[in-house]
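# Coordinate inspection notes
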Amino acid sequence: MDDTANIPEQYRTLHGKRITLRPFRMEDLKDLFEFTADEEATRYLYAAHKDIDQTERLLTNYYLQEPYCKYAVELNDTKKMIGTFEFRIKEYDQNAELGYTLTREYWGNGYMSEAIDLVLDIIFNKVQLARAYAEFDVRNEASGKLLTRAGMQRDGVLRKNRMVNGVLTDTVHCSILREEYVK
């Protein structure tokens, strides 16, 4: 059961040192298209968008239609939307699944580490869940390093379980338990 609608209002916008995780707006379309149209940035997720109409449907039908726990990653200084972050709460299992993307220009600057820290604080210290987890394409070493820095451990590999751009890929499953979280 996905229970993200039960997230209290005060956690719908999260403020970090350099970024803010906030609800999506239609004004994010151009910045979102910058990511979704980049074949390098989307290569482990889905086929790059060919036109902005495709991205507009994603924004309208996914990010805006059910906005809880779906965040635009915005730079505090410029107010530019540079990525996405979401988590889905599985209340029955006391788990939260994380997912994220980042515009290529901003890779390697620690923005996603900051986003994960903000969200793990909510998951473990505010909502009091037992476990957070994420999955990544085994070929995406940068995502694996990011999750390791966040304190996650590799639980295993799901072999050929996901179709990405016409190729069946292996997915690495990682998690962190509340008692392992030290922030």
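Report on the accompanying structure. Quantities reported herein were computed from a predicted structural model and do not represent experimental measurements.

What counts and how
Residues numbered from 1 in each chain as written. Predicted model: local features only at pLDDT ≥ 70, side-chain atom pairs only at ≥ 80, totals over all residues. Heavy atoms only, no water. Helix = DSSP H or I, 4+ residues; strand = E, 2+ residues; numbered from the N terminus. Rg over C-alpha atoms; globule rule 2.2 N^0.38 Å. Buried < 20%, exposed > 50% of the residue type's maximum accessible area, 1.4 Å probe, protein only. Contact = heavy atoms within 4.5 Å. Areas by Shrake-Rupley, 256 points an atom, 1.4 Å probe, with all protein chains shown as cover. Lys, Arg positive; Asp, Glu negative; His and termini not counted. Charge placed at Lys NZ, Arg CZ, Asp CG, Glu CD. Axes fitted to C-alpha atoms, helices over the stretch in contact; angles between N-to-C directions. Parallel < 35°, antiparallel > 145°, perpendicular 65-115°, else oblique. Left-handed = near helix turned anticlockwise from the far one by under 90°. 1 Å grid on protein atoms, 1.4 Å probe; cavity = no way out; pocket = protein on both sides within 12 Å on 5 of 7 lines; lining within 4 Å. Points joined across faces, edges and corners; volume = space filled by probe spheres on them. Nonpolar A, V, L, I, M, F, W, Y, C, P; charged D, E, K, R; others polar. Salt bridge = Lys/Arg side-chain N within 4 Å of Asp/Glu carboxyl O. Expected span 1.5 Å × (residues − 1).

## Quick notes on the overall build of the chain
Of the regular secondary structure elements, the chain holds five helices and eight strands. In sequence order, the chain lays out its α and β elements as β-β-α-α-α-β-β-β-α-β-α-β-β. Over its C-alpha atoms the chain spans a radius of gyration of 16 Å, differing by no more than 12% from the 16 Å that the globule rule assigns to 183 residues. Once the C-alpha set of the chain is aligned to its principal axes, its extents read approximately 45 × 40 × 30 Å. Relative to its full complement of 183 residues, the chain shows a buried share of 46%. Taking as baseline every contact in the chain between residues at least 6 positions apart, the subset at least 24 positions apart corresponds to 62%. Here the chain has roughly 9800 Å² of accessible surface; of this, 49% comes from carbon and sulfur atoms. Side-chain charges in the chain split into 26 positive and 31 negative, and the spacing between the mean points of these groups amounts to 3 Å.

## Some thoughts on the packing of helix 1 (residues 29-36) against helix 3 (residues 52-64)
As a packed pair, helix 1 and helix 3 sit with axes 9 Å apart at the nearest point and diverge in direction by 110°. Relative to helix 3, the element helix 1 lies roughly perpendicular. In terms of crossing hand, the pair formed by helix 1 and helix 3 is right-handed. Of helix 3, the residues touching helix 1 (which contributes Leu29, Leu32, Phe33 and Thr36) are Ile52, Thr55, Glu56, Leu58, Leu59 and Tyr63.

## Looking at the layout of surface pockets
Of the volumes computed, that of the largest pocket is approximately 1100 Å³. What lines the largest pocket is a set of 43 residues, and nearest its centre among them are Leu45, Tyr100, Thr101, Asn140 and Ser143. Listing elements by their share of the lining of the largest pocket, those giving two or more residues are helix 1, helix 2 (39-42), helix 3, strand 4 (81-90), strand 5 (95-102), helix 4 (111-126), strand 6 (131-137) and helix 5 (141-149). Across the lining of the largest pocket, the residue classes tally to 20 nonpolar, 11 polar and 12 charged.

## Examining the environment of Leu120
Here Leu120 is to be found in helix 4. With 35 residues separating them along the chain, Leu120 and Asp155 place their C-alpha atoms 18 Å apart. Those residues in contact with Leu120, other than ones at most four positions away along the chain, are Leu98, Asn125, Ala132, Ala150, Ile176 and Tyr181.

## Side note on the pattern of salt bridges
Summed over the entire model, instances satisfying the criterion amount to 15 salt bridges. Between Glu114 and Arg18 there is a salt bridge whose closest N-O contact spans 3.2 Å. Pair noted here: Glu114 is in helix 4 and Arg18 is in the loop between strand 1 (14-15) and strand 2 (19-22), with a separation of 96 residues, a long-range link. The closest approach of N and O atoms between Arg88 and Glu97, which form a salt bridge, is 3.6 Å.

## Observations concerning helix 4
Its 16 residues give helix 4 an end-to-end C-alpha distance of 22 Å, which sits within 8% of 22 Å, the value for a rise of 1.5 Å per residue. Residues of helix 4 that are buried: Tyr111, Met112, Glu114, Ala115, Ile116, Leu118, Val119, Leu120, Ile122, Ile123 and Phe124. Positive backbone phi, approximately 65°, marks Gln128, located one or two places after helix 4.

Geometric descriptors of this kind do not, in isolation, establish any biological role.
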